[in-house]
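Letter by letter, the chains look like this.
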Amino acid sequence: MKTIDTYHRWIEWSEEDSVYLGRCPDLISGIHGNAPVTLYADLTQIVQEVIDHHHSTGKPLPPPRSRPIMNVG
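Residues numbered from 1 in each chain as written. Predicted model: local features only at pLDDT ≥ 70, side-chain atom pairs only at ≥ 80, totals over all residues. Heavy atoms only, no water.

Attention now moves to the overall build of the protein. Each helix and strand in the protein was counted, giving one helix and three strands. By its C-alpha atoms, the protein is 40 × 35 × 20 Å across when sized along the principal axes. Classification of the 73 residues of the protein by burial places 27% in the buried group. Counted over contacts in the protein with a minimum sequence separation of 6, partners at least 24 positions apart contribute 37%. Carbon and sulfur atoms form 54% of the exposed surface of the protein, whose accessible area is close to 5,300 Å². Treating the 6 positive side-chain charges of the protein as one cloud and the 9 negative ones as another, the clouds have centres 10 Å apart. (Helix = DSSP H or I, 4+ residues; strand = E, 2+ residues; numbered from the N terminus. Buried < 20%, exposed > 50% of the residue type's maximum accessible area, 1.4 Å probe, protein only. Contact = heavy atoms within 4.5 Å. Areas by Shrake-Rupley, 256 points an atom, 1.4 Å probe, with all protein chains shown as cover. Lys, Arg positive; Asp, Glu negative; His and termini not counted. Charge placed at Lys NZ, Arg CZ, Asp CG, Glu CD.)

In structure tokens form, the structure reads like this:
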């Protein structure tokens, strides 16, 4: 499994701001945009850049803690 795959990323619509929000709270506060598919690609790229920066500087990554809620039943 790639390191990036351990960090939960998602896109959600913000009624208040009328834009899509891209989130990965374990590594970045978030980004925004108008097209969800493009925004997810941008979010993935930024998260990978954060991971690469941590690796190149020897700084440890924070542990992944955010997890999607799953309905069971």
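Turning our eyes to something else, we now look at the pairing of strand E2 (residues 19-24). As judged from the five bridges shared by strand E1 (residues 10-14) and E2, these two strands associate in the antiparallel manner. When the sheet's bridge partners are listed, Ser-14 is paired in E2 with Val-19. Connecting the antiparallel pair E1 and E2 is a turn made up of four residues, with Ser-18 showing a positive phi of about 55 degrees. In the sheet, E2 pairs with strand E3 (residues 28-33) via four bridges, with the strands oriented antiparallel. In the sheet register, Tyr-20 faces E3, and the bridge partner there is Gly-33. Between E2 and E3, which pair antiparallel in sequence order, lie three residues. (Pairing = 2+ DSSP bridges.)

With that out of the way, let us pick up the sheet that holds E1. Strand order in the open sheet formed by three strands is E1-E2-E3, with antiparallel pairing between adjacent strands. Edge positions in the open sheet fall to E1 and E3, since each of these has one partner strand only. When the angles between neighbouring strand axes are averaged without regard to direction, this sheet yields 30 degrees. Strands in contact with helix H1 (residues 36-57) are E1, E2 and E3; relative to E3, the strand with the most contacts, it is inclined by about 150 degrees. (Axes fitted to C-alpha atoms, helices over the stretch in contact; angles between N-to-C directions.)

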